[in-house]
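# Architecture at a glance
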Amino acid sequence: MAATPTLDLMEFVEREILPRYTQFDHAHNLAHVNSVIRRSTQLAARIGADINMSYVVAAYHDLGLEGPRAIHHLTSGKILAADNRLRRWFSPHQIEMMRQAVEDHRASASHEPRNLYGKIVAEADRNLEPETVIRRTIQFGLEHYPKLQTEGHWRRFLQHMDEKYSVNGYIKLWLSGSDNEQHLRELRQLLGNEPKLREVFDRIYNEETRKK
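Because the structure is predicted, anything quoted here is derived from the model rather than measured.

Each helix and strand in the protein chain was counted, giving 10 helices and 0 strands. For the protein chain, whose C-alpha radius of gyration is 19 Å, the value lies close to the compact-globule estimate of 17 Å for 212 residues. Taking the principal axes of its C-alpha atoms as reference, the protein chain extends roughly 55 × 35 × 25 Å. The burial tally for the protein chain puts 47% of its 212 residues in the buried class. For the protein chain, long-range pairs separated by at least 24 residues make up 66% of all intrachain contacts whose partners lie at least 6 apart in sequence. Accessible surface, the protein chain: about 11,200 Å² in total, of which carbon and sulfur atoms supply 50%.

Here it is in structure tokens:
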């Protein structure tokens, strides 16, 4: 199976689809979608999935941000299913599978993605590299709880990390062999070493507060 998408499909996506991401916020911009595409196609190649389908799912997965964010995954699926240009490369069954995959990509989804391509894009859409997770969590706290002092942010940070990323946390990985699997192991090791975790927290917290 080819490790890269079909050339004319790539040309279509790069010309007609990817430029739409330039209007989105920093967390969902062109760099983000290209990163999700890269991780999706790498993971698909590794497990023997269809590269073209994985590529298109990744390329369309956040287009719904053109509308309300809360339902962007559903809107993205509708955009993909309604794009008749994709019939040049895919059967109706494949398009339906890709629609489901896009709908199921949200990291906060409580249910398992309905098909393999949903699992691939859900994994590719995450970045569980420990410092990235810690920085995002601190940034969220600073933005949404500006009245908290440092120790308050530390307690909120610990609670969130335990609830989501600990061995008893609610985060789910849908595929083995992804980069996220190794990153989550590293993150859990760090969570088990609170002095080291506090050291990392303080460094990143100070970097972020200096930006304010």
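Next, the rest of the story.
A few words now on helix 6 (residues 116-124). Within an α-helix, residues lying three or four positions from one another point in the same direction, as the helix has 3.6 residues per turn. With 8 of its 9 residues buried, helix 6 lies for the most part within the structure. Here helix 6 has its buried residues at Tyr117, Gly118, Lys119, Ile120, Val121, Ala122, Glu123 and Ala124. In this fold, the buried residues of helix 6 make contact with helix 2 (30-47), helix 3 (51-60), helix 5 (92-103) and helix 9 (179-191). Where helix 6 begins, the side chain of asparagine 115 points an oxygen toward the backbone nitrogen of tyrosine 117, at a separation of 2.9 Å.

By the definition in use, this model includes 6 aromatic pairs. Measuring from ring centre to ring centre gives 5.4 Å for tyrosine 21 and phenylalanine 24, while their planes differ by 80°; the resulting arrangement is edge-to-face. Tyrosine 21 gets classed as buried once you look at its relative accessible area, which sits at 0%. For the ring pair tryptophan 154 and phenylalanine 157, a centre distance of 5.8 Å and an interplane angle of 20° mean the geometry is stacked. Of the two residues, tryptophan 154 and phenylalanine 157 both sit in helix 8 (residues 150-165), 3 residues apart, roughly one turn of that helix. Residue classification places phenylalanine 157 among the buried positions, given a relative accessible area of 1%. Put simply, the rings of Trp154, Phe157, Phe201 and Tyr205 pair up and form one aromatic cluster. Stacked on the ring of tryptophan 154, the Lys or Arg arginine 198 has its end atom at 4.7 Å from the ring centre.

With that settled, the discussion passes to the nonpolar core. One finds Val56, Tyr60, Leu86 and Phe90 to be the most contacted residues of the largest nonpolar core, which totals 37 residues. Of all the secondary structure elements, the ones that give two or more residues to this core are helix 1 (7-17), helix 2, helix 3, helix 4 (72-82), helix 5 and helix 6. The element best represented in this core is helix 3, accounting for 8 residues. Non-local contacts of phenylalanine 90, meaning those with residues more than four positions away in its chain, are made with Leu9, Asn52, Met53, Val56, Ile95 and Met98. With 18 residues, the next largest nonpolar core counts Ile138, Trp154, Leu190 and Leu197 among its residues.

The subject of this paragraph is helix 3. Summarising burial for helix 3: 10 of the 10 residues are buried, a large majority. The backbone nitrogen of asparagine 52 has a side-chain oxygen 2.9 Å away, supplied by the residue at the start of helix 3, namely aspartate 50.

Further remarks concern the pattern of salt bridges. Taken as a whole and assessed by the stated rule, the structure comprises 18 salt bridges. For glutamate 151, the salt bridge is made with arginine 198, and the minimal N-O distance between the two is 2.7 Å. With a gap of 47 residues between them, glutamate 151 in helix 8 and arginine 198 in helix 10 (residues 194-211) connect regions that are remote in the sequence. The closest approach of N and O atoms between lysine 196 and glutamate 199, which form a salt bridge, is 3.5 Å. On the criterion of helical spacing, the pair formed by lysine 196 and glutamate 199 is a turn pair, its members being 3 residues apart in helix 10. In this structure lysine 196 comes out as partly exposed when scored by relative accessible area, which is 37%. Each of the salt bridges in this network shares a partner with another, and the network as a whole consists of Glu96, Arg99, Glu103, Asp104 and Arg114.

The rules we used
Residues numbered from 1 in each chain as written. Predicted model: local features only at pLDDT ≥ 70, side-chain atom pairs only at ≥ 80, totals over all residues. Heavy atoms only, no water. Helix = DSSP H or I, 4+ residues; strand = E, 2+ residues; numbered from the N terminus. Rg over C-alpha atoms; globule rule 2.2 N^0.38 Å. Buried < 20%, exposed > 50% of the residue type's maximum accessible area, 1.4 Å probe, protein only. Contact = heavy atoms within 4.5 Å. Areas by Shrake-Rupley, 256 points an atom, 1.4 Å probe, with all protein chains shown as cover. Polar contact = N/O pair within 3.5 Å; in protein donor to acceptor, adjacent residues only side chain to side chain. Phe/Tyr/Trp six-rings, centres within 6.5 Å; stacked < 30°, edge-to-face > 60°. Lys NZ or Arg CZ within 6 Å of the ring centre and 35° of its normal. Core = buried A, V, L, I, M, F, W, Y, C linked by side-chain atoms within 4.5 Å. Salt bridge = Lys/Arg side-chain N within 4 Å of Asp/Glu carboxyl O.

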